[in-house]
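So you can see what is in the structure, the chains are spelled out below.
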Amino acid sequence: MNKETIQFVKCPTCQKDVEWSDKSIYRPFCSKRCQLIDLGEWANEEHRIADKEISEQDRWSENDLSDYVGKH
């Protein structure tokens, strides 16, 4: 008889063990809450996928531009 191995992964948000199967509907997250926390971090640009080149726009941050706001 062939036994199926149960595989577990860590939730990216809280590091809780999550079974990697159809039972875990939010996988790799343990819950909807952890899934939404991660989505919020992407929306706030706390996560980003690295690019090979840094564009001119990436060199400027909102903090750098705050000195120029209102000075036309």
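See the structure printed just above.
Residues numbered from 1 in each chain as written. Predicted model: local features only at pLDDT ≥ 70, side-chain atom pairs only at ≥ 80, totals over all residues. Heavy atoms only, no water.

**Considerations on the pattern of salt bridges**
(1) Moving on: Summed over the entire model, instances satisfying the criterion amount to 3 salt bridges.
(2) Moving on: Here aspartate 17 and lysine 10 are joined by a salt bridge, their closest N and O atoms 3.1 Å apart.
(3) Moving on: Classification of aspartate 17 as partly exposed rests on a relative accessible area of 47%.
(4) Moving on: Across the pair glutamate 19 and lysine 23 runs a salt bridge, and its minimum N-O distance is 3.8 Å. (Salt bridge = Lys/Arg side-chain N within 4 Å of Asp/Glu carboxyl O. Buried < 20%, exposed > 50% of the residue type's maximum accessible area, 1.4 Å probe, protein only.)

**Topic: the packing of aromatic side chains**
(1) Moving on: Applying the stated criterion to the full structure yields 0 aromatic pairs.
(2) Moving on: The side chain of arginine 27 reaches across the aromatic face of tryptophan 20, ending 5.3 Å from its centre. (Phe/Tyr/Trp six-rings, centres within 6.5 Å; stacked < 30°, edge-to-face > 60°. Lys NZ or Arg CZ within 6 Å of the ring centre and 35° of its normal.)

**Here's the deal with the environment of glutamine 15**
(1) Moving on: Looking at the element boundaries, glutamine 15 is found in the loop between β1 (8-10) and β2 (17-19).
(2) Moving on: Once the C-alpha coordinates of glutamine 15 and phenylalanine 29 are considered, the two residues, 14 residues apart in sequence, prove to be 8.9 Å apart. (Helix = DSSP H or I, 4+ residues; strand = E, 2+ residues; numbered from the N terminus.)

**Quick notes on the state of the cysteines**
(1) Moving on: By the definition in use, this model includes 0 disulfides.
(2) Moving on: In this structure cysteine 11 is not part of a disulfide, and its nearest cysteine sulfur, from cysteine 14, lies 3.8 Å away.
(3) Moving on: Residue cysteine 11 is classed as buried on the basis of its relative accessible area of 0%.
(4) Moving on: Cysteine cysteine 34 remains unbridged, with the sulfur of cysteine 30 as its closest cysteine sulfur at 3.7 Å.
(5) Moving on: With a relative accessible area of 4%, cysteine 34 lands in the buried category. (Disulfide = S-S within 2.5 Å.)

**A closer look at helix α1 (residues 32-43)**
(1) Moving on: Under the 1.5 Å per step criterion, the end-to-end length of α1 is 16 Å for 12 residues, consistent within 8% with the ideal 16 Å.
(2) Moving on: Count one or two residues on from α1 and you reach glutamate 45, which has phi positive near 60 degrees. (Expected span 1.5 Å × (residues − 1).)

**Section: the environment of proline 28**
(1) Moving on: By the element assignment, proline 28 lies in the loop between β2 and α1.
(2) Moving on: Since its relative accessible area comes to 28%, proline 28 is described here as partly exposed.
(3) Moving on: A sequence separation of 10 residues divides proline 28 from valine 18, and the C-alpha atoms of the two residues are 6.8 Å apart.
(4) Moving on: Once residues within four sequence positions are removed from consideration, proline 28 is found in contact with Val9, Lys10, Cys11, Pro12, Val18 and Trp20. (Contact = heavy atoms within 4.5 Å.)

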